[in-house]
Amino acid sequence: MSSGKARSQQGFTYLVAMFAVAVAGLLLAVTSEVSSHSRQREKEKELLFVGDQFRDAIALYYQRTPGTVKRYPEKLEDLIEDKRYLSMQRYLRKIYTDPMTGKPQWGTIAAPGGGIMGVHSLSDQRPIKSANFDIRDQGFTGGQRYTDWKFLYEPPASGAAKGQASASSLKEP
């Protein structure tokens, strides 16, 4: 009879060990998923930072154009070294790596008069963040892919044009 009792204890021990392995696997899967989401959120924060760096660099390039006709950079490398001046002008120190793809390639957005007015990630991955963006990133709300997050610089409407429009609307016919 003692051998039957030993067999049932061995079976019970085997079941407990299998249950422990299953629970450990489940905990590992949950931890991995949480860690993956955490890494993706960090990459999103980095993408927002890097995108703002590009947007600000494009704005400076545009605003500091010599002469009266403002121009956008023809290529991203123009932001590293602006050759329109005698002394070196830098708006970025390097072309950043896209945090979502891990590559230094970016999608570019063409300006109406030529040049590049913005960048976007080439990742088709779905973002975790979909709301509560900063004011200048409000257009990202509801974006389905990181490629929808477009970091654009659009110059404000000129004050002279606004003033002329206001003055002409006050004139009597």
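Residues numbered from 1 in each chain as written. Predicted model: local features only at pLDDT ≥ 70, side-chain atom pairs only at ≥ 80, totals over all residues. Heavy atoms only, no water.

Attention now goes to the sheet that holds strand β2 (residues 116–120). Overall, antiparallel pairing links the 3 strands, which are arranged β1-β2-β3 in an open sheet. One side of each edge strand has no neighbouring strand; the edge strands of this open sheet are β1 (107–110) and β3 (150–152). Averaged over all pairs of adjacent strands, the angle between strand axes in this sheet comes to 30 degrees, irrespective of strand direction. Of the strand pairs in this sheet, β1 and β2 are connected by 4 bridges, and their pairing is antiparallel. Each residue of the ladder has a partner; that of G107, found in β2, is H120. (Pairing = 2+ DSSP bridges. Helix = DSSP H or I, 4+ residues; strand = E, 2+ residues; numbered from the N terminus. Axes fitted to C-alpha atoms, helices over the stretch in contact; angles between N-to-C directions.)

Side-chain pairing between opposite charges can occur once the charged atoms of the two side chains come close. Per the counting criterion, the structure on display carries 7 salt bridges. Between R136 and D52 there is a salt bridge, with the nearest N and O atoms lying 3.7 Å from each other. On the criterion of sequence distance, the pair formed by R136 in the loop between β2 and β3 and D52 in helix α1 (residues 2–63) is long-range, its members being 84 residues apart. The partly exposed category is assigned to R136, whose relative accessible area is 44%. Note that K75 and D78 form a salt bridge whose closest N and O atoms lie 3.1 Å from each other. Taken together, the salt bridges that share partners define one network made up of D52, R55, D56, R136 and D137. (Salt bridge = Lys/Arg side-chain N within 4 Å of Asp/Glu carboxyl O. Buried < 20%, exposed > 50% of the residue type's maximum accessible area, 1.4 Å probe, protein only.)

A few words now on the confidence of the model for the chain. The predicted model of the chain has a mean per-residue pLDDT of 84, with 79% of residues at 70 or higher. Counted against residues more than four places away or in other chains, residues 160–173, with its pLDDT under 50, gives 1 contact. (pLDDT = per-residue confidence, 0-100. Contact = heavy atoms within 4.5 Å.)

What follows deals with the packing of aromatic side chains. One pass over the structure, following the stated rule, counts 11 aromatic pairs. Ring geometry for F133 versus F140: centroids 5.6 Å apart, planes at 85 degrees, classification edge-to-face. Here F133 matches F140 in class, with each residue buried. Taken together, the aromatic side chains of F133, F140, Y146, W149 and F151 make up a single cluster linked through ring pairs. The aromatic ring of Y61 is capped on one face by R84, whose charged end is 3.6 Å from the ring centroid. A cation sits over an aromatic face here: K129 above F133, 5.0 Å from the ring centre. (Phe/Tyr/Trp six-rings, centres within 6.5 Å; stacked < 30°, edge-to-face > 60°. Lys NZ or Arg CZ within 6 Å of the ring centre and 35° of its normal.)

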